[in-house]
Structure formats: structure tokens, C-alpha cells
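Coordinates in review
So you can see what is in the structure, the chains are spelled out below.
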Amino acid sequence: INRAGFPIKCGFTYKWRHDRPIFTDLFAQGVHPDLQERLYPKGVPDHSWQVDRGRYDKILLDRAREVGVDVREETTVTGVLREGDPADARVVGLRFRAVGDATERSLTARHVIDASGQGRRISGWLSVEVEKFPLGDTALYRYYRGFQWK
């Protein structure tokens, strides 16, 4: 990110809606004390970057390829693959169709990430409520086997 030359920013000011107050946060002020040591054992960063989303997304995509991720572009995801009890079925992969290929294919995966942005494609297929969280823009699904708290 440093090599990309994105401007550094030290905080932010936000106004979510007309009926809510403006708020400001400085990164150097840190995070909740219970999270600080776990998230930032070397100290809380005092800055972030103002990224150009197109350039930043390309940096992330290129890096994913470099470390062995199977990246599919020009491809439309047409559905999710699930296993288990229908009321609580686990997502185990996707159905997709590549541009120029009429055949729908399937792909299984340990992790499935919905990168459709506000389109919320996977959230829609899973019937996740749009306003489940206060900001209305968060969707998290995690599955663990053999996990133990230490």
C-alpha cells in the first residue's frame, strides 16, 4: 500500500444520517482496551490510507493470485452449494457460469466470500435480512470445526 502512493489519513469525520450528530475519530486514540493487545500487539497505528478503490482492489486481487488463490474473472455466480439440515445448512461452494460458456459449473471451497458489495448476492440467496446490523452493510458467516477458546 505504501508503494501505491495512497494519501495517508489520521482519522475521519462522519455523518450517517440527517438526524444523527457528526462524529470524529482519530486512529491514534486507539481501540477498546480489551481488543488493543489482540489486534495491535505492536501498538495502535496512527494512520490509515485514503485508497482509490479500483487501484486498491486490483492490488488485493493481484496479491491473492500471487499466494495461490483461484481467481475467476468474467464469471457470474449463479447460486450457493449447501450441505446439512436445510434450516441451518452450511455453505460449501458456489455454482457459476463463465462468460461465453453456457454450462453452469460447481466449485466447492472451505471459505466462500461474498464480494458483490451492496448487491449482497449470497446474503439474498441465504435470506439474510438487509438491515440485520445498524449500518446495514455488514454480512459475516463463519464456520469452524475443532475450534477451542484458549
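Residues numbered from 1 in each chain as written. Predicted model: local features only at pLDDT ≥ 70, side-chain atom pairs only at ≥ 80, totals over all residues. Heavy atoms only, no water.

1. A look at the sheet that holds strand β6 (residues 90-98)
Strand pairing within a sheet occurs via backbone hydrogen bonds; the two strands may be parallel or antiparallel. With respect to topology, three strands assemble into an open sheet ordered β5-β6-β7, the strand pairing being antiparallel. Unpaired on one side and paired on the other, β5 (75-83) and β7 (105-108) mark the two borders of the sheet. Each adjacent strand pair in this sheet contributes to an overall mean axis angle of 30 degrees, direction not counted. With eight bridges joining them, β5 and β6 adopt antiparallel strand pairing. Bridge pairing in β6 places Val80 opposite Leu94. (Pairing = 2+ DSSP bridges. Helix = DSSP H or I, 4+ residues; strand = E, 2+ residues; numbered from the N terminus. Axes fitted to C-alpha atoms, helices over the stretch in contact; angles between N-to-C directions.)

2. So, unusual backbone geometry
Phi at Glu74 takes a positive value of approximately 55 degrees, unusual for a residue other than glycine. Among the secondary structure elements, Glu74 is positioned in the loop between α2 (53-66) and β5. The exposure class of Glu74 is exposed, given its relative accessible area of 60%. With a phi angle near 45 degrees, Arg120 is a residue other than glycine that sits in the positive phi range. (Buried < 20%, exposed > 50% of the residue type's maximum accessible area, 1.4 Å probe, protein only.)

3. Here's the deal with the environment of Thr75
Relative to the elements of secondary structure, Thr75 occurs in strand β5. Among all residues touching Thr75, those that are not within four sequence positions of it are Phe96, Arg97, Ala98 and Val99. (Contact = heavy atoms within 4.5 Å.)

4. Things to note about the pattern of salt bridges
Within this structure, the stated rule accounts for nine salt bridges. Its salt-bridge partner being Asp57, residue Arg53 comes within 2.7 Å of it at the nearest N-O pair. Here Arg53 pairs with Asp57, and both are found in helix α2, just four residues apart, close to one helical turn. Its relative accessible area of 54% is what places Arg53 among the exposed residues. Assessed through its relative accessible area of 34%, Asp57 is described here as partly exposed. Residues Arg95 and Glu104 are paired through a salt bridge, measuring 3.7 Å at the closest nitrogen-oxygen approach. (Salt bridge = Lys/Arg side-chain N within 4 Å of Asp/Glu carboxyl O.)

5. Quick notes on α2
Under the 1.5 Å per step criterion, the end-to-end length of α2 is 20 Å for 14 residues, consistent within 8% with the ideal 20 Å. If you check the start of α2, you find a side-chain oxygen 3.2 Å away from the backbone N of Gly54, and it comes from Asp52. (Expected span 1.5 Å × (residues − 1). Polar contact = N/O pair within 3.5 Å; in protein donor to acceptor, adjacent residues only side chain to side chain.)

6. Considering the confidence of the model for the protein
Residue-level pLDDT values for the protein average 81, and 83% of them are 70 or greater. Within the protein, the element-level pLDDT minimum falls on helix α1 (residues 33-39), averaging 70, and the maximum on β7, averaging 95. (pLDDT = per-residue confidence, 0-100.)

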